[in-house]
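Close look at the chain arrangement
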Amino acid sequence: MTSIVADVGVRGALEKRLSEGQQPNTMLATAIGLKLVTVSGAATLILVARPYLNQYLGGEFAAYLVIALVIQEFADLFIQAVRGELRVGQTAIIEFAREVVWVVSGLLLVSAGYGVVGLVYGLILGSTTAACWAFLKLETNVGWPAEVSAWSLYDYAKYYFLSSVSGQVYQWMDVAIIGLFLTYADVGAYEVAWEVTLLVLLVSKTLSITLFPQMSQWSAEAAVSRIEAVVPHALGVALFLSIPAFVGVFVLNYEVLRVVFGSEYTIAAGVLVVLMAEKVFQSANDVLGSTLRGIDRVDLVARAVVVTIAINLVLNVVLVLTVGLLGAAIATTTAAIVQTLLNGRYLSQNITLRVPYRLIAWSIVSATGMGLIVSWTRATLPLEGFALLTTCIGVGVASYLLISGIVPSLRQQVIVPGARMLVSFVRPVESSPK
C-alpha cells in the first residue's frame, strides 16, 4: 500500500519517456525530484500513523519501514530507468541479487539473535544493493530538473498509476467483501487460491516488462508495422502457457490445495479453478495493456481499469451474498474478461491487431489432450499425496510439450524459439574458460 502512494506512476512514466529518447538526462533528474516528493509524502503518512503501526506490528518498526520504503522506491526507479534504456535483460540479475542479499543476510541476522529486525535489515541491505547496482548500470547521466519534463512525466504517470494497480485492487476488494460477509477461514482460503494462480502470470508479466520499452521506442519512431508483427506472437506465447495451467488446475485443484496447503483450504477448490480461468485472460491482457502503454495510450488502459473496478465491486457484493466464496472469484473473472476485451478493442483502434486464433486453438487442443492424460494418470497410479501430485504435474508438462511439438505452428513459433532462448542462457556458462 505504501509503495503505491510513494510512486503514483512516476517509475512507469520515467521508463516510458527514456525509451522515447526525450531529453533523458533531464527526465531522469526530474523523476528523481518527483520521487523525493512522493516518497516524502508516504514517509510522512507512516510517521503520523507511527503509534498505530507499531502497535499493530508489535514493535518499533515504523522507522525501519520508512528507511526500507525510501531505498526500495529508488531501487525500483533506477531499475525501470535501465529498462527505459532498452536493457531489460540486464535488470534481471539486479532483481535476483536483491532477493539473494535479502534472504541470506536476513537469515544470518535472525540466526545471530536479531529476530524480526534482522529480516528488516536484510530487506534494507537487499534494496540498497539493487539501488546502487542499477544506478551504476545507468548510461543516462543525471542532468537538471525541468518543469516541462515534470509535466510530461505527470501526464503519463496519472494514467499509468491507475492502470498498474488493477490486480491489487481486485484482490483487496475481493478480500474486503469476503471478510465483510463471510468468515476468516474463507478469506484465508481465497488468498491462498489467489496466490497460487499468480504463478501463471510469470511469463506474461515478463513479456509485459520486455515489450513496454521496446513498443515505446517503435511508437516514437512510427514503426507501427513492427509493433503489429510482435503483438500476435506475444499473445500466442502468453496463452500457450496459461491455457494448460488452467486445464491442469481444473483436473488437480483439490490435490494442489490439500497436499500443498492442507485440507482446510480445499473449500477454495472451485475458486482456484475460476481464478485460474481469470489468469488466462489476464495473461493476454498483460500483452495488450503493455502495448497500449507503449504506444502512449495509457489513458485507454486506465479507462478500462476504472470500468472493470466498478463492475468488480458491484458483482462482488451481489455474488458473494448470493453464491458465497465462489461469487468473489466469478466477479473478478468477469471483470478481467471485460478488461481484456476493452483493451483489445482499444488497441485495434490504434493498430491492426491480429489475434493468433490458430495458435490459441492448437494450445487448447494440446491442453485438452494433456488434461485427459493427467486424469488417467491420477485415476490409475497407486500413489497418494505429494508423490501423486508431482507425478501428475510431470506427466502433464511432458505430455503437453509432446502433443504441442507435433503441431507445426506451435513447434515453429513457440517451442523452438523458447528452447533457443533457454540454450542462449546456458551456452555462455558452458563456453566460459575454467
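Now for a description of the structure that goes with this document.

Looking only at helices and strands, one finds 18 helices and zero strands in the protein. The C-alpha atoms of the protein give a radius of gyration of 23 Å, which matches the 22 Å a tight globule of 434 residues would have. For the protein, the residues scored as buried account for 47% of the 434 residues in total. Taking contacts inside the protein between residues at least 6 apart in sequence as the whole, the part at least 24 apart equals 79%. Accessible area of the protein: about 20,800 Å², with a carbon and sulfur share of 68%. The distance from the centre of the 25 positive side-chain charges to the centre of the 26 negative ones in the protein is 8 Å.

If you look at the biggest cluster of nonpolar residues, it comprises 74 residues, and the most contacted ones within it are Y190 and V271. Counting residues per element, this core draws most heavily on helix α12 (residues 224-260), at 15 residues. Beyond its immediate stretch of four places on either side in the chain, Y190 contacts D174, I178, V271, L275, L325, A328, A329 and T332. Listed in part, the 26 residues of the second largest apolar core include L14, L28, L77 and Y160.

Each pocket or cavity is described by its volume, and for the second largest pocket that value is around 680 Å³. Around the second largest pocket sit 22 residues that line it, and V200, P244, A245, I393 and V397 are the ones nearest its centre. Within the residue set of the lining of the second largest pocket, elements represented by two or more residues are α11 (201-220), α12, α16 (357-380) and α17 (385-406). Broken down by element, the residue count for the lining of the second largest pocket peaks at eight residues, all from α12.

Note that S216 resides in helix α11. Given the relative accessible area of 0%, S216 is considered buried. Dropping the residues within four chain positions of it, S216 is found in contact with K16, S19, E20 and G294.

Our focus in this paragraph is empty space enclosed by the protein. With a probe scaled to a water molecule rolled over the atoms, the places where space remains empty come into view. Applying the stated rule across the entire model yields one cavity of 30 Å³ or more. One number sums up the size of the largest cavity: a volume of about 30 Å³. Contributing to the lining of the largest cavity are V200, V203, S204, A238, L241, S242 and S283. Mapped onto the lining of the largest cavity, the elements with two or more residues apiece are α11 and α12. When residues in the lining of the largest cavity are grouped by element, the largest group, three residues, is from α12. Class assignment of the residues belonging to the lining of the largest cavity gives a composition of four nonpolar, three polar and no charged.

Relative to the assigned elements, A176 resides in helix α9 (residues 166-181). Counting along the chain gives 161 residues from A176 to I337, while the straight-line C-alpha distance between them is 22 Å.

Scanning the model with the defined rule gives 16 salt bridges in all. Where R11 meets E73, a salt bridge forms, and the shortest distance between an N and an O atom there is 2.8 Å. Of the two residues, R11 is situated in helix α2 (residues 10-20) and E73 in helix α5 (residues 62-84); the sequence distance between them amounts to 62 residues. Accessibility classification places R11 together with E73 in one group, the buried group. For R83, the salt bridge identified is with E95, shortest N-O distance 2.8 Å. Here R83 is found in helix α5, whereas its partner E95 is found in helix α6 (residues 92-114), with twelve residues between them in sequence. For R83, a relative accessible area of 11% gives the class buried.

Not every positive phi belongs to a glycine, and V8 is a case in point at roughly 45°. On the secondary structure map, V8 appears in the loop between α1 (2-7) and α2. Here V8 falls in the partly exposed class, since its relative accessible area comes to 31%. One non-glycine residue, D296, adopts positive backbone phi at about 70°. Of note, D296 is situated in the loop between α13 (269-294) and α14 (298-322).

Topologically, I177 is positioned in helix α9. On the basis of relative accessibility, which here comes to 8%, the residue I177 falls in the buried class. When the C-alpha positions of I177 and L321 are compared, they lie 9.4 Å apart, and in sequence the two are 144 residues distant. Not counting chain neighbours up to four residues away, the residues in contact with I177 comprise L313, N316, V317 and V320.

Time to look at the packing of α12 against α16. The geometry of α12 relative to α16 is characterised by a closest axis approach of 9 Å and an angle of 25° between their N-to-C directions. As far as their axial angle goes, α16 and α12 are roughly parallel. As α12 runs across α16, the sense of the crossing is right-handed. Residues G236, L239, F240, I243, P244, V247, G248, V251, L252 and E255 of α12 pack against L359, I360, S363, I364, A367, M370, G371, V374, S375 and R378 of α16. Taken together, the residues of the contact of α12 with α16 sort by class into 13 nonpolar, five polar and two charged.

The full count for this structure, using the stated rule, is eleven aromatic pairs. On the basis of an interplanar angle of 40° and a centroid distance of 5.0 Å, the ring pair of F240 and Y400 is categorised as tilted. Of this pair, F240 sits in helix α12 while Y400 sits in helix α17, and the two are 160 residues apart along the sequence. Here Y400 falls in the buried class, since its relative accessible area comes to 4%. Taken together, Y64, Y114 and Y121 form an aromatic cluster joined through their ring pairs. K279 extends its terminal NZ or CZ atom over the ring of W194, reaching a point 4.0 Å from the ring centre.

Definitions and cut-offs
Residues numbered from 1 in each chain as written. Predicted model: local features only at pLDDT ≥ 70, side-chain atom pairs only at ≥ 80, totals over all residues. Heavy atoms only, no water. Helix = DSSP H or I, 4+ residues; strand = E, 2+ residues; numbered from the N terminus. Rg over C-alpha atoms; globule rule 2.2 N^0.38 Å. Buried < 20%, exposed > 50% of the residue type's maximum accessible area, 1.4 Å probe, protein only. Contact = heavy atoms within 4.5 Å. Areas by Shrake-Rupley, 256 points an atom, 1.4 Å probe, with all protein chains shown as cover. Lys, Arg positive; Asp, Glu negative; His and termini not counted. Charge placed at Lys NZ, Arg CZ, Asp CG, Glu CD. Core = buried A, V, L, I, M, F, W, Y, C linked by side-chain atoms within 4.5 Å. 1 Å grid on protein atoms, 1.4 Å probe; cavity = no way out; pocket = protein on both sides within 12 Å on 5 of 7 lines; lining within 4 Å. Points joined across faces, edges and corners; volume = space filled by probe spheres on them. Nonpolar A, V, L, I, M, F, W, Y, C, P; charged D, E, K, R; others polar. Salt bridge = Lys/Arg side-chain N within 4 Å of Asp/Glu carboxyl O. Axes fitted to C-alpha atoms, helices over the stretch in contact; angles between N-to-C directions. Parallel < 35°, antiparallel > 145°, perpendicular 65-115°, else oblique. Left-handed = near helix turned anticlockwise from the far one by under 90°. Phe/Tyr/Trp six-rings, centres within 6.5 Å; stacked < 30°, edge-to-face > 60°. Lys NZ or Arg CZ within 6 Å of the ring centre and 35° of its normal.

Distances and angles like these do not, on their own, reveal function.
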